Amino acid sequence: MIKAKGRVIILKEIKETLKNLCGSSYEVGTQIGKWALTKPNLLQTMLLPPKAYPQNKMKEIKKLLDEYCSGINEEIQGFADTVDVSVEQVIFYAMTYLERGCSLMAALPGKTENGHTLLARNYDFNDSMEEMCFAYTEIKGKYRHIGSTLNLFGRCDGMNEHGLGACKASNGLPVGNFEGGQKARVTGFSFWIVIRSILENCKNVKEAIDWTMNAPIGYNISLMVADKDNHIALLQCMDGHKAYRILEAESAETYLNATNHTILEEIKPYEKMVIDSSVIRNNAITKFFQDNDKVSKSTLKQLLSLSYPHGLCCHYYEEFFGTLRSMIIDVTEQTIEMTFGSPQTNDWHTFSVKSLGEKELSVLLPQEKASPDFYKINR
C-alpha cells in the first residue's frame, strides 16, 4: 500500500519477463512454445478449441501474413508443434485478422536538449490481458529488434538494429474479434502485425510509412515512427482510410503528438466519437511542448509519470486503462529507457538492440478508479 494525498492506494504485484528469441522462424516458435508451457494460464488464453477457426479464413490470413510479415507462419508452426496443438487453434490468427489507450509523441533534434531524435509513449491497458514480456528478437533474414510482445507473436512497440523506433495508439473504440470490440469496417491486420513487420523489415521512416500505406489494416491506429536520420512521422488509419505526416530536421515544426483520437484533417471526417480524456491528454502533451523551448529525457519522464489530467499516467487497470509501460526511445543513440508498469512505482531500465539478461521482474501496479468524466464522449 502507498499513501497519496490522504488516500491509501493498493499495489498489485505482477511479473515482467525479459526474453531472447534467436534462430530461424521455426526455432523461435519452439522457444516461445517452451516458455508458454511453463505458464499454463497464459497458454490457455492463447488457444482456441479444435476446428473453431474456419479453414477459408485460415488460408486468407496465412497468405496475407506470408506477403506482409513473412516467417511468422513458420514461427507459429514451431509454437504449435511444441505445445502439441494444430496451428488453427492458435488464437493469434483469429485476433490478428480483422485496442488500447496510449499517448504518443516524437521530437526532432531542434526540440531536444541533447540534440537527439526522441520518441516517447505511455501504453495503457489491463495487465491480465497481456503476457507482460519484453524481448530481443533475432531471426535469420530479419532485422534484429527489441520490443514488447503481444499475443506471443505480435509486437506493440520497439526499435530495430537500424535505429527505427515504432509505437502505436488506437483511435476511438477498440476494433477486434473480442467481446466489446467493434467490428472492423475493412478486412486487414491488427496493430501487433503492423509494428512487428515494420521492426523486422523496415530501415527508416519512409519504408515504415510505405509499408503501412500498402498493407491491409483492419483497425483504427495512430502509428508513430522515428529514425536515426532525424525523421519522425504520424500515420492515422480510420475504417481503412489512411493519412500521414512526416517531419524532418529542416521542418518548421519540431514535434508530433497523438493520443486516442484523430489529429490529421484528412481522417477526421471518418471519426464517429472522441473520448474527452483523450483530448485532455493530447492537450497536456501539446502544452508540454509549447511551454518548453527544449525538452529532455528528464522532462519527458516527468510528463509520462505525472497523473492524469495534468500528465499521462493512469492507474485504472481494472477499467482497462492502466499504464503498463512508459518508454523513451532515443533513435540517435539507439536506446530505450522504460518502466514496466506505472512510472510512479517502478524503476526505469535502459535497453539497446542486443541480447537481454533473461529474468523476471517484479512490477507494482497502483489500483485506482477513474472518475465518471474520464469516459465522457467529447463528440
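Residues numbered from 1 in each chain as written. Predicted model: local features only at pLDDT ≥ 70, side-chain atom pairs only at ≥ 80, totals over all residues. Heavy atoms only, no water.

Novice: What's the story with the overall build of the chain in this structure? I'm lost.
Specialist: Along the chain, the regular secondary structure elements total nine helices and 17 strands. When its C-alpha atoms are laid out on the principal axes, the chain stretches across 55 × 50 × 40 Å. Evaluated residue by residue, the chain yields a buried proportion of 59% over its 379 residues. Working note: accessible area of the chain is about 15200 Å², and carbon and sulfur atoms make up 50% of it. (Helix = DSSP H or I, 4+ residues; strand = E, 2+ residues; numbered from the N terminus. Buried < 20%, exposed > 50% of the residue type's maximum accessible area, 1.4 Å probe, protein only. Areas by Shrake-Rupley, 256 points an atom, 1.4 Å probe, with all protein chains shown as cover.)

Novice: I'm lost on the environment of Glu-13 in this one. Help?
Specialist: Position of Glu-13 among the secondary structure elements: in strand β2 (residues 7-23). Each C-alpha atom of the pair Glu-13 and Glu-88 lies 34 Å from the other, and the pair is 75 residues apart in sequence. The residues contacting Glu-13, other than those within four sequence positions of it, are Ser-362, Val-363 and Leu-364. Separated by 2.9 Å, the side chains of Glu-13 and Ser-362 make a polar contact. (Contact = heavy atoms within 4.5 Å. Polar contact = N/O pair within 3.5 Å; in protein donor to acceptor, adjacent residues only side chain to side chain.)

Novice: Where do I start with the pairing of strand β14 (residues 321-330) in this structure?
Specialist: Look at any regular strand and the pattern is simple: side chains alternate between the two faces of the sheet. Taken across its ten residues, β14 has ten buried, putting it largely inside the fold. Here eight bridges tie strand β4 (residues 118-125) to β14, and the two strands are oriented antiparallel to one another. Its bridge partner lying in β14, Phe-125 is registered against Gly-322. Of the pairings in the sheet, the one linking strand β13 (residues 315-316) to β14 comprises two bridges and is antiparallel in character. Residue pairing across strands places Tyr-316 opposite Phe-321, the latter belonging to β14. With antiparallel pairing between neighbouring strands as the criterion, β13 and β14 make up a hairpin whose turn holds four residues, including Phe-320 at a positive phi of roughly 65°. Two strands pair when backbone bridges link them, and β14 and strand β15 (residues 335-340) are joined in this way by six bridges, in the antiparallel orientation. Considered in β15, the bridge of Arg-325 is made with Phe-340. In this antiparallel pair of consecutive strands, β14 and β15, the connection spans four residues, and Gln-334 shows a positive phi of 60°. (Pairing = 2+ DSSP bridges.)

Novice: Teacher, can you tell me more about the state of the cysteines here?
Specialist: Should the sulfur atoms of two cysteines be covalently bonded, the bond is a disulfide. Tallying each qualifying case throughout the model produces zero disulfides. Cys-202 supplies the cysteine sulfur nearest to Cys-69, a cysteine that is in no disulfide, at a spacing of 10 Å. Summary of cysteine pairing: Cys-237 is not part of a disulfide, and the nearest cysteine sulfur, belonging to Cys-102, is at 16 Å. (Disulfide = S-S within 2.5 Å.)

Novice: Sorry, what's going on with the packing of aromatic side chains here?
Specialist: By convention here, two paired aromatic rings are described through the distance between centres and the angle between planes. What the rule picks out here adds up to 16 aromatic pairs. When the ring of Phe-79 is compared with that of Phe-153, the centres are 5.2 Å apart and the planes differ by 85°; the resulting orientation is edge-to-face. In this structure Phe-79 comes out as buried when scored by relative accessible area, which is 0%. Ring geometry for Phe-374 against Tyr-375: centres 5.0 Å apart, planes inclined by 80°, an arrangement best described as edge-to-face. You can call Phe-374 buried: its relative accessible area is 2%. On the basis of relative accessibility, which here comes to 35%, the residue Tyr-375 falls in the partly exposed class. Directly above the aromatic system of Phe-191 lies the positively charged group of Lys-168, at a separation of 4.0 Å from the ring centroid. The residue whose ring lies beneath Lys-301 is Trp-348, and the NZ or CZ to ring-centre distance is 4.8 Å. (Phe/Tyr/Trp six-rings, centres within 6.5 Å; stacked < 30°, edge-to-face > 60°. Lys NZ or Arg CZ within 6 Å of the ring centre and 35° of its normal.)

Novice: Explain the packing of helix α6 (residues 191-201) against helix α7 (residues 205-214) here, please?
Specialist: Each pair of packed helices can be described by the angle between their axes along with the distance between the axes. Remark: α6 packs on α7, axes separated minimally by 10 Å, with the N-to-C direction vectors making an angle of 140°. Relative to α7, the element α6 lies oblique. Both α6 and α7 take part in a crossing whose hand is right-handed. Residues Ile-193, Val-194, Ser-197, Ile-198 and Asn-201 of α6 touch α7, and the partners they reach there are Glu-207, Ala-208, Trp-211 and Thr-212. Class assignment for the residues of the contact of α6 with α7 results in five nonpolar, three polar and one charged. (Axes fitted to C-alpha atoms, helices over the stretch in contact; angles between N-to-C directions. Parallel < 35°, antiparallel > 145°, perpendicular 65-115°, else oblique. Left-handed = near helix turned anticlockwise from the far one by under 90°. Nonpolar A, V, L, I, M, F, W, Y, C, P; charged D, E, K, R; others polar.)

Novice: Got a minute to help me understand the nonpolar core in this structure?
Specialist: By size, the foremost hydrophobic cluster in this structure holds 100 residues, and its most contacted members are Phe-79, Phe-134, Phe-153, Ile-198 and Val-225. A total of seven residues in this core trace back to one element, the largest contributor, which is α6. In this view, Phe-153 contacts Ile-32, Ile-72, Glu-75, Ile-76, Phe-79, Val-90, Phe-92 and Arg-196; residues no more than four positions away in its chain are not counted. Counting 14 residues, the second-largest nonpolar core is a separate cluster that includes Ala-107, Ala-120, Ile-285 and Phe-288. (Core = buried A, V, L, I, M, F, W, Y, C linked by side-chain atoms within 4.5 Å.)

Novice: I tried to follow unusual backbone geometry on my own but got confused; where do I start?
Specialist: Apart from glycine, the bulk of residues carry a negative phi angle, and the bulk of peptide bonds sit in the trans form. With an omega dihedral of 10°, the bond running from Tyr-308 to Pro-309 counts as a cis peptide bond. For Pro-309, the location among the structural elements is in the loop between α9 (297-305) and β13. Despite not being glycine, Leu-152 has its phi angle at roughly 70°, a positive value. As for its placement among the helices and strands, Leu-152 is situated in the loop between β6 (145-150) and β7 (154-160).

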